Amino acid sequence: MKKRWITAVTLLSLLLLLALPALARDLPLVYDGAGLLTEEQVSELNDLAEYLSEDYSCEIAIVVVPDTEGYYVEDYAEAVYRQYHYGYGEDQSGVMLLLSMEERDYDLI
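The following refers to the structure shown. (Residues numbered from 1 in each chain as written. Predicted model: local features only at pLDDT ≥ 70, side-chain atom pairs only at ≥ 80, totals over all residues. Heavy atoms only, no water.)

### Here's the deal with the overall build of the protein
- A tally of regular secondary structure across the protein gives three helices and four strands.
- When its helices and strands are written in sequence order, the protein yields α-β-α-β-α-β-β.
- If you take every contact in the protein between residues at least 6 apart in sequence, the share linking residues at least 24 apart comes to 66%.
- Per element, the accessible surface of the protein, about 7,300 Å² overall, is 56% carbon and sulfur. (Helix = DSSP H or I, 4+ residues; strand = E, 2+ residues; numbered from the N terminus. Contact = heavy atoms within 4.5 Å. Areas by Shrake-Rupley, 256 points an atom, 1.4 Å probe, with all protein chains shown as cover.)

Encoded structure:
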């Protein structure tokens, strides 16, 4: 239990460092931390995600990271979703696709 708690605190600390450049809205709905997309592509996808999120009252997000810092992709995705306050409304309804490029792994939550 203690090891899991330490792991969670460490992961959240790492995620806080990731948040520094994006303090205005924890993270945009489409975040490309691996640099795969052009700024224009990210902007277009973000606009579409915002439109669909409003239309369906369910936030839709895509997060691309270089790696998961050694954590299981499922744990990392859940921490990102919670830490960056993804979700629509009081229930925080949402769907987030997290892609980790180094591990070539993903999680859909």
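### A short note on the nonpolar core
- If you look at the biggest cluster of nonpolar residues, it comprises 19 residues, and the most contacted ones within it are Leu27, Val63, Tyr76, Val80, Tyr86, Met96 and Leu98.
- Of all the secondary structure elements, the ones that give two or more residues to this core are strand E1 (30-32), helix H2 (39-56), strand E2 (59-65), helix H3 (73-83) and strand E3 (94-100).
- The dominant element in this core, judged by the number of residues it contributes, is H3, at five residues.
- Not counting the four nearest positions on each side in its chain, Leu98 is found in contact with Val63, Val65, Val73, Tyr76, Ala77, Val80, Asp105, Tyr106 and Asp107. (Core = buried A, V, L, I, M, F, W, Y, C linked by side-chain atoms within 4.5 Å. Buried < 20%, exposed > 50% of the residue type's maximum accessible area, 1.4 Å probe, protein only.)

### Thoughts on the pairing of E2
- Among the seven residues in E2, five count as buried, and that is most of the element.
- Relative to E2, E1 runs parallel, the two sharing three bridges. Each residue of the ladder has a partner; that of Asp32, found in E2, is Val64.
- Examined bridge by bridge, E2 and E3 share seven bridges and lie parallel to one another. What sits directly across from Ala61, in E3, is Met96.
- With H3 bridging E2 and its parallel neighbour E3, the resulting β-α-β unit is right-handed. (Pairing = 2+ DSSP bridges. Right-handed = clockwise from strand over helix to strand, strands pointing away.)

### Re a negative patch on the surface
- Taken together, Glu40, Glu44, Asp47, Glu50, Glu54 and Asp55 make up a surface patch of like negative charges.
- The residue Glu40 is located in helix H2 in this model. (Patch = residues over 30% accessible without salt bridge, like charges linked within 9 Å, V, L, I, M, F, W, Y side chains within 5 Å. Salt bridge = Lys/Arg side-chain N within 4 Å of Asp/Glu carboxyl O. Lys, Arg positive; Asp, Glu negative; His and termini not counted. Charge placed at Lys NZ, Arg CZ, Asp CG, Glu CD.)

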